[in-house]
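The chain contents come next:
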Amino acid sequence: MNDTFKTIFNRTSVRHFTDVEVDRATLIFLAKCGMAAPSANNKQPWFIIAVTDRHLLQSLGEQLPYAKMAREAAAAIVVCGNLEHDPTGAKSYWVQDCSAATQNILLAAESLGLGAVWTATYPYEERMEPVRRILNLPENLVPLNVIPIGHPAVAPRPKDKWDEAKFRFNAFHAE
């Protein structure tokens, strides 16, 4: 199995981190990996914020019900959709495009030996509002998720998620 496949199959959601920092160069590299994702009509509707400030990480962890681990993470990456050219979001594929960017970030983090977990904010206003307020986001940026990142406190064990019952060739039909 080549390294790409190993990274895909070994990626796990990590929720407990050591206190070892993740340097700025690594966070920039992760953002570059995210921005290498495909996007509809090459719109590249993402805006990525790397959060390293301990107070901001603490606030995100306290305000977001599924991102409590941000309080102990070395950093968090927030992937936002930039709706500047489509304020309603109705005609764009920003969610899909930013999700592809998020997956690139998660796989890159795994490849670097870091742990990360995707915590959703969009489409829940009660989750998006605190992120907007804490990070002072302009109206055109919609936070899709918050990804706490750090060095794993424990060695995560990947799960085999293959389910043959969820796969068909050519069309759906009962087996």
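Located above this text is the structure these notes cover.
Let me begin by describing the structure that accompanies this report. (Residues numbered from 1 in each chain as written. Predicted model: local features only at pLDDT ≥ 70, side-chain atom pairs only at ≥ 80, totals over all residues. Heavy atoms only, no water.)

### Digging into the packing of helix α1 (residues 3-10) against helix α4 (residues 94-111)
How two helices pack is summed up by the angle between their axes together with the distance between the axes.
So, point 1. Remark: α1 packs on α4, axes separated minimally by 9 Å, with the N-to-C direction vectors making an angle of 105°. Comparing their axes, α4 and α1 come out roughly perpendicular. Where α1 abuts α4, its residues T7, I8 and N10 lie against L107, E110 and S111.
So, point 2. When the residues that make up the contact of α1 with α4 are grouped by side-chain class, the tally is 2 nonpolar, 3 polar and 1 charged. (Axes fitted to C-alpha atoms, helices over the stretch in contact; angles between N-to-C directions. Helix = DSSP H or I, 4+ residues; strand = E, 2+ residues; numbered from the N terminus. Parallel < 35°, antiparallel > 145°, perpendicular 65-115°, else oblique. Contact = heavy atoms within 4.5 Å. Nonpolar A, V, L, I, M, F, W, Y, C, P; charged D, E, K, R; others polar.)

### Quick word on the packing of helix α2 (residues 24-35) against α4
So, point 1. Packing of α2 against α4 leaves a shortest axis separation of 7 Å and a crossing angle of 135°. With respect to each other, α2 and α4 are oriented oblique. Considering the relative orientation of α2 and α4, their crossing is right-handed. Every residue of α4 that contacts α2 at L30, C33 and G34 is listed here: A101, N104, I105, A108 and A109.
So, point 2. Here the contact of α2 with α4 is built from residues that sort into 6 nonpolar, 2 polar and no charged. (Left-handed = near helix turned anticlockwise from the far one by under 90°.)

### Concerning unusual backbone geometry
Most peptide bonds take the trans form, and the phi angle of most residues other than glycine is negative.
So, point 1. At the junction of Y122 and P123, the peptide bond is cis and its omega measures out at 5° in the coordinates.
So, point 2. Looking at the element boundaries, P123 is found in the loop between β4 (119-120) and α5 (125-135).
So, point 3. In this structure, Q44 takes a positive phi of about 45° despite not being glycine.
So, point 4. Within the secondary structure, Q44 is located in the loop between α2 and β1 (46-51).
So, point 5. Assessed through its relative accessible area of 40%, Q44 is described here as partly exposed.
So, point 6. Its identity as a non-glycine residue notwithstanding, N136 has a phi of 55°, on the positive side. (Buried < 20%, exposed > 50% of the residue type's maximum accessible area, 1.4 Å probe, protein only.)

### Describing the packing of aromatic side chains
So, point 1. Within the structure shown, the criterion is met by 3 aromatic pairs.
So, point 2. When the ring of W162 is compared with that of F167, the centres are 5.6 Å apart and the planes differ by 55°; the resulting orientation is tilted.
So, point 3. Aromatic side chains F167 and F169 sit 5.0 Å apart centroid to centroid with 80° between the ring planes, which places their arrangement in the edge-to-face category.
So, point 4. One aromatic cluster is present, built from ring pairs that chain together W162, F167 and F169.
So, point 5. For R127, the ring lying beneath its charged end belongs to Y124, and the centroid distance is 4.1 Å. (Phe/Tyr/Trp six-rings, centres within 6.5 Å; stacked < 30°, edge-to-face > 60°. Lys NZ or Arg CZ within 6 Å of the ring centre and 35° of its normal.)

### Observations regarding the nonpolar core
So, point 1. The biggest cluster of nonpolar side chains holds 27 residues, and the ones touching the most others in it are L30, I77, I105, I147 and I149.
So, point 2. Of all the secondary structure elements, the ones that give two or more residues to this core are α2, β1, β2 (75-82), α4 and β5 (141-150).
So, point 3. Considering each element in turn, this core owes the most residues, 7 residues, to α4.
So, point 4. Setting aside chain neighbours within four positions, we find I105 in contact with L30, G34, I48, I77, V79, I147 and I149.
So, point 5. F17, A73, I134 and L135 belong to the second-largest nonpolar core, a separate cluster that totals 21 residues. (Core = buried A, V, L, I, M, F, W, Y, C linked by side-chain atoms within 4.5 Å.)

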